[in-house]
Amino acid sequence: MVRTSVVVCAAVVGLVLPVVSTGEPVSGWNETLQRISSGVVSLRVDSTRAFDTDWNSSSQATGFVVDAEAGLILTNRHVVTPGPVTAEAVFRNNEEVALTPVYRDPVHDFGLFRYDPTALRFIEPTELSLDPSGAQIGREIRVVGNDAGEQLSILAGTIARLDRRAPAYGRGKYNDFNTYYLQAASGTSGGSSGSPVIDIDGNVVALNAGGSAQAASSFFLPLQRIARAVDLVRRGDTVSRGTLQTVFVAEPYDELRRLGLTEAVESQMRQRFPDNTGLLVVSQVIPGSSADNALEPGDIVIRIDGELLPGFVELAETLDSHVGEVVDVQIQRGGVSHHVELPVADLHAISPDSFVQFGNAVVHDLSYQQARHYNRALTGVYVANPGYLFSTVAVPRGAVITEFAGQPIRHLDDFEDVLATLADGSRAPIRFVTLESPQTESLRILRIERRWFPSQRCERNDAEGRWPCRTLVTGPEAQPLRPATTAFTSSDVSVEQALAASMVLVNFDMPYAVSGVGDRHFYGTGLVVDAERGFVMVDRNTVPVALGDVTLTFAGSLEVPGRVEYVHPLHNLAMVAYDPALIGDTPVRAAALAERAARAGDDVWMTGLGGDHRLSSQKTVVASIDGLALPATRTMRFRDTNLEALTVVNAPGGIDGVLADARGRVVALWSSFAVQSGNNVSQVYRGIPADVLRDFVATVRSGSAVYSLEAELGYTPLATARKLGLSDDWAERLEKHNPRRRQVLGVTRLVGGSPAAQTLKVGDMVLAIDGAVVSTYRDLEQATQRPSVTVTVWRNNALQEIVVPTVALSGRGIERVVLWAGALLQDTHREVAAQRGVEPLGVYVAFFNYGSPATRYGLWGGRRIIEVDGVPTPDLAAFVAAVAGKQDRDSLRIKTLNFNDAVEVTTLKLDERYWPAYEVYRSADGWARRSLDAS
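Residues numbered from 1 in each chain as written. Predicted model: local features only at pLDDT ≥ 70, side-chain atom pairs only at ≥ 80, totals over all residues. Heavy atoms only, no water.

I keep staring at unusual backbone geometry and nothing clicks. Help me out?
A negative phi angle characterises most non-glycine residues, just as the trans form characterises most peptide bonds. One non-glycine residue, alanine 405, lies in the positive phi region at around 55 degrees. Position of alanine 405 among the secondary structure elements: in the loop between strand S25 (400–404) and strand S26 (407–408). We note that arginine 889 has phi near 75 degrees; this positive angle belongs to a residue other than glycine. In this structure, arginine 889 sits in the loop between helix H18 (876–883) and strand S56 (891–897). Taking the relative accessible area as the measure of exposure, arginine 889 reaches 28% and is therefore partly exposed. (Helix = DSSP H or I, 4+ residues; strand = E, 2+ residues; numbered from the N terminus. Buried < 20%, exposed > 50% of the residue type's maximum accessible area, 1.4 Å probe, protein only.)

What is the right way to read the sheet that holds strand S5 (residues 85–90) from this model?
Hydrogen bonds between backbone atoms are what pair the strands of a sheet, whose relative direction is either parallel or antiparallel. Spatial strand order, S2-S3-S4-S7-S6-S5: six strands in a closed barrel with antiparallel pairing. Averaged over all neighbouring strand pairs, the angle between strand axes comes to 40 degrees, with direction disregarded. Two strands pair when backbone bridges link them, and strand S4 (residues 72–75) and strand S7 (residues 111–114) are joined in this way by four bridges, in the antiparallel orientation. The partner of isoleucine 73 across the bridge, within S7, is phenylalanine 113. (Pairing = 2+ DSSP bridges. Axes fitted to C-alpha atoms, helices over the stretch in contact; angles between N-to-C directions.)

Help me understand helix H3 (residues 224–235), please; the structure alone is not making it clear to me.
Since one α-helical turn is 3.6 residues long, residues separated by three or four positions face the same way. Spanning twelve residues, H3 covers 17 Å between terminal C-alpha atoms, matching the ideal 16 Å at 1.5 Å per step. Every buried residue of H3 is listed here: Arg225, Ile226, Ala227, Ala229, Val230, Leu232 and Val233. Looking one or two residues beyond H3, the residue adopting positive phi is glycine 236, at roughly 85 degrees. (Expected span 1.5 Å × (residues − 1).)

What's the story with the sheet that holds strand S31 (residues 503–509) in this structure? I'm lost.
Pairing within the closed barrel is antiparallel, and its six strands lie in the order S31-S32-S33-S36-S35-S34. The mean inter-strand angle of the sheet, taken between neighbouring strand axes irrespective of direction, is 40 degrees. Here five bridges tie strand S35 (residues 558–567) to strand S36 (residues 574–578), and the two strands are oriented antiparallel to one another. Across the sheet, residue valine 564 finds its bridge partner in S36, namely valine 576. Along the sheet face, helix H11 (residues 690–702) touches strand S32 (521–530), strand S33 (535–538), S35 and S36 and points at about 135 degrees away from the line of S33. (Contact = heavy atoms within 4.5 Å.)

Explain the state of the cysteines to me, please; I cannot follow it from the model alone.
In a disulfide, the sulfur atoms of two cysteines are held together by a covalent bond. In the structure shown here, the tally under the stated rule is one disulfide. Covalently, cysteine 458 is tied to cysteine 469 through a disulfide, its sulfur atoms 2.0 Å apart. Handedness of the cysteine 458-cysteine 469 disulfide follows from its S-S torsion of about 105 degrees: it is right-handed. Placement of the pair is cysteine 458 in strand S29 (residues 456–459) and cysteine 469 in strand S30 (residues 469–471), with a sequence separation of eleven residues. Residue cysteine 458 is classed as buried on the basis of its relative accessible area of 0%. (Disulfide = S-S within 2.5 Å.)

Any chance you could explain the nonpolar core here in plain terms?
In summary, soluble globular proteins display a tendency toward joint burial of nonpolar side chains. Formed by 47 residues in total, the largest nonpolar core has its most connected members in Tyr512, Val536, Leu552 and Phe554. In terms of residue count, the dominant contributor to this core is S35 (four residues). Among the nonpolar cores identified, the runner-up in size contains 34 residues, and Leu505, Leu527, Val700 and Val706 belong to it. (Core = buried A, V, L, I, M, F, W, Y, C linked by side-chain atoms within 4.5 Å.)

Honestly, the packing of aromatic side chains in this entry has me stumped. Any pointers?
Any pair of aromatic rings gets described here by the distance separating the centres and the angle formed by the planes. With the rule as written, the count across this model stands at 18 aromatic pairs. A ring pair is formed by tryptophan 670 and tyrosine 685, whose centres lie 6.4 Å apart and whose planes are at 15 degrees; its orientation type is stacked. Of the two residues, tryptophan 670 sits in strand S41 (residues 666–677) while tyrosine 685 sits in strand S42 (residues 680–689), which places them 15 residues apart along the sequence. Tyrosine 685 shares its class with tryptophan 670; the two are buried. (Phe/Tyr/Trp six-rings, centres within 6.5 Å; stacked < 30°, edge-to-face > 60°.)

Could you clarify how one ought to interpret helix H9 (residues 412–419) in this entry?
When we look at burial in H9, the residues that qualify are Leu412, Phe415, Glu416, Val418 and Leu419. Looking down the long axis of H9, one finds its buried residues gathered within 165 degrees of arc, a one-sided arrangement. (Arc of directions from axis to C-beta.)

What should I look at first to understand the pattern of salt bridges in this one?
Where charged atoms of side chains with opposite charge meet at close range, the side chains can pair. Taken as a whole and judged by the stated rule, the model has 59 salt bridges. Here glutamate 296 makes a salt bridge to arginine 333, at a shortest N to O gap of 3.7 Å. One end of the pair, glutamate 296, is in the loop between strand S16 (278–285) and strand S17 (300–304); the other, arginine 333, is in strand S19 (residues 326–333), and 37 residues separate them in sequence. Across the salt bridge formed by glutamate 644 and arginine 741, the nearest N and O atoms sit 2.4 Å from each other. Separated by 97 residues along the polypeptide, glutamate 644 in strand S39 (residues 644–648) and arginine 741 in the loop between helix H13 (728–737) and strand S45 (743–750) bring together distant segments of the chain. One network of salt bridges, in which partners are shared, links Arg44, Glu88, Glu96, Arg889 and Lys909. (Salt bridge = Lys/Arg side-chain N within 4 Å of Asp/Glu carboxyl O.)

What is the right way to read the confidence of the model for the protein chain from this model?
Segments scoring low in pLDDT should not have their predicted coordinates read at a detailed level. Across the protein chain, the average pLDDT comes to 92, with 95% of residues at 70 or higher. The model gives residues 1–8 a pLDDT under 50, and that stretch makes 27 contacts with residues more than four places away or in other chains. Within the model, the stretch residues 187–191 combines pLDDT values under 50 with 22 contacts to residues more than four positions away or in other chains. (pLDDT = per-residue confidence, 0-100.)

Help me out: how do you make sense of the side chain of arginine 225 in this one?
If you trace the backbone, arginine 225 turns up in helix H3. A residue is classified by how much of its surface remains accessible, and arginine 225, at 14% relative accessible area, is buried. At 2.7 Å, the side chain of arginine 225 forms a polar contact with the side chain of aspartate 320. With residues near it in sequence (within four places) discarded, arginine 225 still touches Phe110, Ala316, Glu317 and Asp320. (Polar contact = N/O pair within 3.5 Å; in protein donor to acceptor, adjacent residues only side chain to side chain.)

Help me out: how do you make sense of the pairing of S56 in this one?
Consecutive residues of a regular strand have side chains that alternate between opposite faces of the sheet. Relative to S56, strand S54 (residues 864–868) is paired through four bridges, and the arrangement is antiparallel. The residue of S56 that forms the bridge with valine 868 is isoleucine 894. Where S56 and strand S57 (residues 903–909) come together, seven bridges link them in antiparallel fashion. Paired with leucine 892 across the two strands is leucine 908, which belongs to S57. In textbook terms, the turn of a hairpin is the stretch between consecutive antiparallel strands, and for S56 and S57 this stretch comprises five residues, one of which, aspartate 901, has a positive phi near 65 degrees.

Honestly, the environment of glycine 811 in this entry has me stumped. Any pointers?
Along the chain, the position of glycine 811 falls in the loop between strand S50 (807–809) and strand S51 (816–820). Glycine 811 sits in the buried class, given a relative accessible area of 5%. Sequence separation between glycine 811 and serine 704 is 107 residues; the distance between their C-alpha atoms is 8.3 Å. Here glycine 811 is in contact with Tyr566 and Val567, once residues within four sequence places are set aside.

Quick question: what am I supposed to make of the packing of H3 against helix H6 (residues 312–320) here?
Helix packing geometry: the angle between the two helix axes and the distance between the axes. Taken N-terminus to C-terminus, the directions of H3 and H6 make an angle of 30 degrees; their axes are 10 Å apart at the nearest point. Taken together, the axes of H3 and H6 are roughly parallel relative to one another. On H6, the residues that touch Gln224, Arg225 and Arg228 of H3 are Val313, Ala316, Glu317 and Asp320. Taken together, the residues that form the contact of H3 with H6 break down as two nonpolar, one polar and four charged. (Parallel < 35°, antiparallel > 145°, perpendicular 65-115°, else oblique. Nonpolar A, V, L, I, M, F, W, Y, C, P; charged D, E, K, R; others polar.)

Could you clarify how one ought to interpret the environment of phenylalanine 638 in this entry?
Considering the arrangement of structural elements, one finds phenylalanine 638 in the loop between strand S38 (615–627) and S39. Relative accessible area serves as the criterion here: at 13%, phenylalanine 638 is assigned to the buried category. Counting along the chain gives 186 residues from phenylalanine 638 to tryptophan 452, while the straight-line C-alpha distance between them is 23 Å. The contacts of phenylalanine 638, once residues within four sequence positions are left out, are Ser515, Arg540, Pro569, Leu570, His571, Asn572 and Glu831.

Structural data, given as structure tokens:
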């Protein structure tokens, strides 16, 4: 059997499929293809939610009309998908119609969409006829598909096998079973999902579904069961599907004899079915099913309800017509015949048709598909998308929840009932198993959080082809937190003893990817700097933005919630705060910041907390104090500049904290700096000096802004500056100002749209601010803490004095985000202007959800929206006003800019059913969420 490594789903993008010579008259094939081509359509499918084996995604595929009057289009199941979708068909003349999913088979890879035939004004599509008996070995065929949804493409081939096992796409993914597949020899591999496989008469003889990545083969689904389903749907009848919750495989007679097939039965089968080369054998029985303990792997199926059973088609005919009834199954096991009576279950009833979305996670009943992979009973709730809620506690996609808050979870109703009893902020244990270890349970403690995301249950409505949702109950009112007290452990290390009561572990979880930060979960060491106010200082690789959930753990024992108090707009520092009343009599004290600046060669102790909450320290030596130089980031996440930081000898890896002297006074905050290279984010550790920390604490206490010249600078040695024309007089002044650091500040980058960008130039040597000589980053930063300054620069071999207004930067950070059309939008943040030098105009696309209009129409992350339907959108408020009143399926024209200020205009069609607009904003009581009503 071809396994995962060589089998690919014919997936969702058409391939250019060249016609090869087959000996058939070219004119005949040309006439056939011309006749049927109007009935082949390109499908644009947005799977709006992760469901069962599939992630949410946007894709293209192929379908074909099987009933023009009723508007039925046949394609693959993995195109229709078992979950909620929004789909459109594009006909040959580029007419576009909306599609409604009307059927997806629970097991086999076929499904049906419906369109409104009256919506087509300029084309009358051909209705393709299904001919299940037309698939024969040696028959020449054509696979008619679409190249990425844009142009007709054709694959020529020859049917080589009628009894191939269903292709395997991998454990945990969708896989067809209990059917044969057809295999075709062809000049290339693969094809478009849902393409018709036609003969020279234009009849469809199979449905394209998969292909080999390493061999020139394509895999087609036979039409026998498809034709039945199409007829039933056409008549408006239910497509009954029965199952014994058992997986069968076809084995050849030589293998069957080794399994115990008697010669008498073999002779009877060969005489009755001379073209057959084998029989069906039990491969797997779902635990807990009616067949469990009745059938066993290796059982050979001889008869069902007294009729000899030659293959899958006959098995399906019997089971589909006996749903809810009992059938008699005759098997041979080790040469001995047995009869077992088994009830036939409804396949549709054991296929999930409802999901709960909570904390941006998607969960639903465990499906028959996944129960096969786990080899477990059809009980438990499956995590299709861990979202924010489950990812914070490392519950992965594919987990099956078996217990929640001490209650057994058999079905989705159980999960919803338990959830309704839990208040916001409360914690509940959750047990689960994973695909990698389905027999071993894991336990996590889940924190219930409802404010960030909508909470709803959605159920499929087959009459409408939609998934209408209802809001979940909010649960009981949260109880006030009760104070608790803990104690810090003692240490024989004097530095640890001095700092233990000043260090806490800070955890930060981001519900949304904003401001260029793609990771969602962070932790690091926090330093208590004001015990009365509950102020704790951390680096911005622990708390990168203001939007998120903060928890602080004292002494590895007591956890309390916190909030983001201030995010330094220029340096790698943030301040979080907790309520001191919640820690009772815990002896927390503020750390002492050293008065004397550290120097190279000083002995220091690196002290910090690990992920296990244990305090550790290591004696080391300050190696140097150098200007920090970090590369620009690809995603425009925060990047520190204009900072001198400490490095130490033999720094310990993976731990942040502080550098302290022998008496426990903090010399520097040992901080983690995010460094982005391509798609990878790594981190480096440097010490932020105590004088910078002291200024930061004072700024947070006063609530004042930080003034910035909005210029990135670098150090140039005085010798080089002289070569660039710097006068001897100024060189001497700089030497006297700082004899130890013979350097000059030079402008290397300017923040786009700032006053400095209009007055300063890259290459300017900054000599003084308001007449006072500056030669270090600290000189400059301290001298510019006022609304306007006079900057003395050396430019083009001449001295110039330039009045430059500074910019007041708030420490509040991000204030508001909007989820619209599946895109997460925010005001363009400073880093775009600081790192790219472009003016921060428009609304920044921080993130986009797959399966949404944003993905379908190319509203990619990193772009800035500057107009909607000709209305300028300089900020988020203007954007919200511009899109107010837009309705479901309305089209908009959107003008965007990339990082190079190149303009791109795109159109977008709204999907208010699955992607309604809402905003998350900071209020006086913290973060809150509200709907942006399209009406």
